[in-house]
Structures are given as structure tokens and as C-alpha cells.
2 protein chains.
Amino acid sequence: VTGSTPPTIGVFDSGFGGLTVLRALIQRLPHARFAFLGDTARLPYGSKSRRTIARYAAESAQFLVREQGAEFLVIACNTASALALDAIQDAVTVPVLGVIEPGANAAHAASHTRDVLVIATDATVQSHAYAAACHALGLRALEKACPLLVPLVEEGWTRAATPTGGVTSEVIRIYLAELLAESEAAGLNPDTLVLGCTHYPLLRPLIEAAVPAEMRVIDSAESAAEAAIQLFNGRIANFETAESTGLVSGHDFSRAADLPETTWALAPEGSFSAVTQIRCFATDSTEKFERLGSRFLGRPTGKVELVDLGG
Amino acid sequence: VTGSTPPTIGVFDSGFGGLTVLRALIQRLPHARFAFLGDTARLPYGSKSRRTIARYAAESAQFLVREQGAEFLVIACNTASALALDAIQDAVTVPVLGVIEPGANAAHAASHTRDVLVIATDATVQSHAYAAACHALGLRALEKACPLLVPLVEEGWTRAATPTGGVTSEVIRIYLAELLAESEAAGLNPDTLVLGCTHYPLLRPLIEAAVPAEMRVIDSAESAAEAAIQLFNGRIANFETAESTGLVSGHDFSRAADLPETTWALAPEGSFSAVTQIRCFATDSTEKFERLGSRFLGRPTGKVELVDLGG
């Protein structure tokens, strides 16, 4: 391993929603190597105890570091970030970043009223991790669980101006109306909404259409990727010009042009270089991962490799 | 144990949706004892391999028979019925009944055109267990996965003439329109719709409002309970008059009258006798079970007991 070898960034989620975080990372680090693990055999983490989640997350982190040589870890899973970040940091010796603090930091930077709203899964809301991270920054935060949004994304009902997208827009409208009513009752004056679930970036256009005009929408996947660049920057700066060296394997994205244009709309220049290397792993059920994952990643996941982390 | 001791019927599900089957059983056997196990720590079964599902289901069945003394088992879980009924029958010595064959039998009895539609979860549809059971009876069956219906039920968006119930009705309308279009394209003339998921009985009024007027709706939870009565009848007939004997523990439903009338609307006379005994077990997360389970069971679940079946 020489200085010109790109570092491997490990990205972990209990499922494949964290591919939205990987996507945001690739846009910023097109020349890095990425290893993504979805612990699909043991999801959902949200219904399990803190101790069980900590064990699963630590095992997953160790796989990425020990087996895949990850030099940095991004925990692209709100539940694991909320309940197991310490356990993961204890289990490995590389820098580890979760999604919650970056989301809270971005809300802090965006909010003028210092009142923010957070939508997330039931498990994330029950952990109150976003509220705690916001409070630590002097923000007031009101959280709401929106359990229907993940299945709506996984069903693909995300396109505006279609009957199915209309259902999703109505669900978002109902949830936001409830949240805004609770917010008003609590005397808050929110100007920022945090998307506290890795599935929600796929709903961003529908959500932006549903919020009041002055409200800023913060995507915790984007925020986590930004924070990762800051955290990992010293090591990563060394190889960003070494595009042509040391690259012997990985997926070839030269066929990117064959995909629908909207898939690539978020990518800055150079993001889809053929040198980006991604390996995706799952602990069970690679079929669903491969079928749905490309929507989250914005490109094909390639062949997802099955790994066994034990019961 | 004497002849006047009511038999214990074990009811198993990966989650708590199977409480709709337990509810249907209680209505028919108000004097039996019931032990319900939801293997909530290891759900969803649908994303796991057949071998893993078979092991989990066999362990769960053995708990009900060995630890709880169940003399009959009802597998109130479509995935386990589809993929693990043989494994369960091999693991225990008591009679075992699944939900799929009873649903297919009821469709056979109801259909004049011999073409039926089945809606279910993705995992159940992928198993094609309903189609196979229907084909064995000379029916043609078209199955459709409706992944949004379980989360809509769990969110409680089931009441007609409310904004949230309106969302659910629209989701049902979209799914049924797709299914009827596929059915027409396949040259079928269906007159029967099978609800192939234990959550769907809570949507029955909305589904009946959405199907063509002449279509019969078959509830596999009701069908399974009917089939259980037939299968277990000899032993069960002995105690149906022994209401006052041998009953020393279990939940007291004498407060049934305190609950909303609609909760009890389905119950025939005598169903909510104070002698009905139910014990509910879960392998994790009893909070959600207790919070949502009463909607499925149509009465309070009582305290749900946590059991550890291992990894």
C-alpha cells in the first residue's frame, strides 16, 4: 500500500437505505474505494435492544475494517448511530462518523429561529438522538415518526404527478400537518426540517413541495457526507490527483450514460469516473438489495456479495 | 390433567398479525386456553432463507408444545405456513394447521368461475404458496404483493371516512386496479379475492368497498379458525360444557364491557366469557406488541411475556 493507493471508506447500514449516504460520498470522493455493508439478515435494528444493536453494529464495523481494509467508517444508519456509535468506536481503531451529529450541525447552520423539526423512523424518534444532538447546539427540536415513508420509498411511489406519487404526497401532507400543529401547540417557530432517515432523500422533491415556502430542508445523508470529507480530509487529499494509479478492480461505471438522466442530476463533474470502486455486501437477501439499491445509489450496485456475520 | 381441562391451543406468528387468527379462534372456542407466540426478535421472516425460517419456526413451535403444553398448533403466519409447515410438523407431535390451505379451500368453496385473486405480502407472493394450493383444487389464482398494507394497518390508518383512511382506500384502489388489469390481461374472470395476510382483516371494510360488487372476499384468518375447529373437534367437544372447571389462571375479560362496542361486534354470544385464557409471548419488543396487538385481537392482549429462543 503506497501513498497513491486510494483509501477505502467503509459505509454501514442495517439495510440499504444508507446507499444514499454512499451516493453523497461518491459525489465528493470519486476516486476513493468504498465498501458498503447492509446487515439485511438482522434488520430491522429498530425493534431490538440497545445491547443487541451494539453487538450487531460492532460485528459489522469489524468486517469492514478487518476484512475490507476500511480506513474510515461512516455509520449510514440512524438507529446504529443513535444507539451504538460508542460501541462501534470501541470495536475498531479507525475514525467513525455517524449521521446524527452532522444532521444536527447542518440544522444549526441553517436555522435562524433556532427551532427545528425532525422526521425519521419510529426507532430513531424513540431514541431522541436528534433532539439531544440539537439541544446540545442550543436548538429546540420536535421529532415525528413517519413509519409509512420507508415502505412508500421501497415501493417506488416517489414520482410527482403520478397517482402513486399523489398517495405519497398526501401521506407527507398528513404527517407534516400533524407535526406543524404539534409544533405550534408547543410554541415553536421552526424554519428548518431535518430528514432523519436515509430513505428520505428519495422523497426530497415531494417533501420540499409540501413544506412552507420559507422552510429549509436538511438531508442528513448529504450532511454526513460533508462531515466525512472534513473528518477524513488529510488522508484523502493525497490521492485525489492519483486517479490512474493503483486501481485494479471494482465496478466500471462507463455505462453511466445509458441510465436515465435524472439518475445523475445530482452528480458534480467527474463524479462518475470509471475509477470509482464500490463493493457492496449484504448478510441476506441480496436480490432485494440489487433490485432497489440502484435507486438509492443512483447507479447500479453491481453484484451484491453475501457475507455471514453469524447469528 | 383430566378430560374436563380445556386443551391449550398454540398459535404462532413471526409478529403479532396472527392475533387476528387467535381472535377468530376465540370466537369459536371461548372456553379453550390459548398460548400465542410472536417471534418478534427475528421478524421479518419474509427476507430470510427457507432453512432459517424452518429453524425459527420449529423452535417457536417447540416452545408452545413443550413449555406451554399446546396440544394443537395453528401457524398464523403466511410465510412460515408457506415455507416451514413440514419442518414444524416434523419438530412436534401435535396436530399442526397453517393458514394457506384453509384460505385456498374457502376460495374453492366460494368461487363459481374458478378464478381467484390473492393479495398478500411480498414474501408470501414470492413463495407462490396460495397459487399452488389453489391450483391443487382446480382453481386458477393470480397473486399480488401489496407491501404498503401492513404498515398502513400498523399505523392505524384503517378508518373509513377519515383523511388517513382515505389514503389507505386509495392505496387499495391502486393495488386492486393493477391486479384486475393483470387478471384481465391473463384472461381470468375472478369472482373471489383472498386476503392472504393476517394484517388484512383490519382492512376488510375498506377492501370490500373497493372490490367489484359481485366479488367475494375470503379472510384466511377466519378460514384457518374454521379449519382448526374441524381438525381439533373431537378433543375440543369434550370441554365446551366444562366452562367452570379446572380454570385457575389466565386473563380475566370480565371488564370486556368497558371496551368500545365496535371492538366486540364480531363476537358471537358467549365469546368473551371470563373463562377464556390467553397468554401472549414475544421474543422481543413487547411494547409494540401490547400497544398494537389489542387492535388485532379485538381485546387487550394483557401483559406480553418476553421469552428467549436464542439467536
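Calculation criteria
- Residues numbered from 1 in each chain as written.
- Chains lettered and ligands numbered in written order.
- Predicted model: local features only at pLDDT ≥ 70, side-chain atom pairs only at ≥ 80, totals over all residues.
- Heavy atoms only, no water.
- Contact = heavy atoms within 4.5 Å.
- Buried area = accessible area lost by both parts, 1.4 Å probe.
- Salt bridge = Lys/Arg side-chain N within 4 Å of Asp/Glu carboxyl O.
- Polar contact = N/O pair within 3.5 Å; in protein donor to acceptor, adjacent residues only side chain to side chain.
- Nonpolar A, V, L, I, M, F, W, Y, C, P; charged D, E, K, R; others polar.
- Pairing = 2+ DSSP bridges.
- Helix = DSSP H or I, 4+ residues; strand = E, 2+ residues; numbered from the N terminus.
- Least-squares fit on C-alpha atoms with pLDDT ≥ 70 in both.
- Buried < 20%, exposed > 50% of the residue type's maximum accessible area, 1.4 Å probe, protein only.
- Phe/Tyr/Trp six-rings, centres within 6.5 Å; stacked < 30°, edge-to-face > 60°.

A. Molecular detail of the interface of chain A and chain B. Between chain A and chain B, the residue contacts involve 26 residues of the former and 26 residues of the latter. For the pair chain A and chain B, the two sides together bury roughly 1900 Å², of which 61% comes from carbon and sulfur. When residues of chain A are sorted by the area they lose upon contact with chain B, Leu148(A), Glu155(A) and Trp157(A) head the list and together hold 24% of the total. Where chain A packs against chain B, one counts 2 salt bridges. For the salt bridge of Asp122(B) with Arg291(A), the shortest nitrogen-to-oxygen distance reads 3.9 Å. Across the chain A-chain B interface, the total number found is 2 residue pairs in polar contact (both at pLDDT 80 or more). Across the side of chain A that touches chain B, the residue classes tally to 13 nonpolar, 6 polar and 7 charged.

B. Structural context of the sheet that holds strand E3 (residues 72-75) of chain B. Residue and element names in this part refer to chain B. Sheet architecture is open: 6 strands sit in the order E4-E3-E1-E2-E9-E10, paired in parallel fashion. Because the sheet does not close on itself, it has two edges, and the strands there are strand E4 (96-97) and strand E10 (305-306). In terms of strand pairing, strand E1 (residues 8-13) meets E3 through 4 bridges, oriented parallel. Following the sheet pairing, Ile9 is matched in E3 by Phe72.

C. Highlighting the relation of the copies chain A and chain B. Superposition record for chain A on chain B: RMSD 0.0 Å, screw rotation 180°, translation along axis 0.0 Å. Between the two chains, the operation in question is that of a two-fold axis. By residue overlap, the copies meet face to face through one surface: 96% of the interface positions of chain A are interface positions in chain B.

D. Layout of the pairing of strand E6 (residues 140-145) of chain B. Residue and element names in this part refer to chain B. Buried residues dominate E6, accounting for 5 of its 6 residues. Bridge analysis of strand E5 (residues 115-120) against E6 gives 6 bridges, and the strand direction is parallel. Looking at the pairing, Asp115 lines up with Arg140 of E6.

E. The arrangement of the packing of aromatic side chains in detail. Counted under the stated rule, the structure contains 14 aromatic pairs over all chains. Ring centres of Trp157(A) and Tyr175(B) lie 5.5 Å apart, and the angle between their planes is 50°; this geometry places the pair in the tilted category. Here the residue Trp157(A) occupies a position in the loop between helix H7 (149-154) and helix H8 (163-185), and Tyr175(B) occupies one in helix H8 (residues 163-185), the pair thus bridging two chains. Residues Trp157(A) and Tyr175(B) agree in their burial class; the two are buried.

F. Structural view of the sheet that holds strand E2 (residues 33-38) of chain A. All names here are of chain A. Taken together, the 6 strands give an open sheet; going across it, the order is E4-E3-E1-E2-E9-E10, and neighbouring strands pair in parallel fashion. Each edge of the open sheet carries a strand with a single partner, namely strand E4 (96-97) and strand E10 (305-306). As judged from the 2 bridges shared by strand E9 (residues 277-282) and E10, these two strands associate in the parallel manner. What sits directly across from Ala282, in E10, is Leu306.

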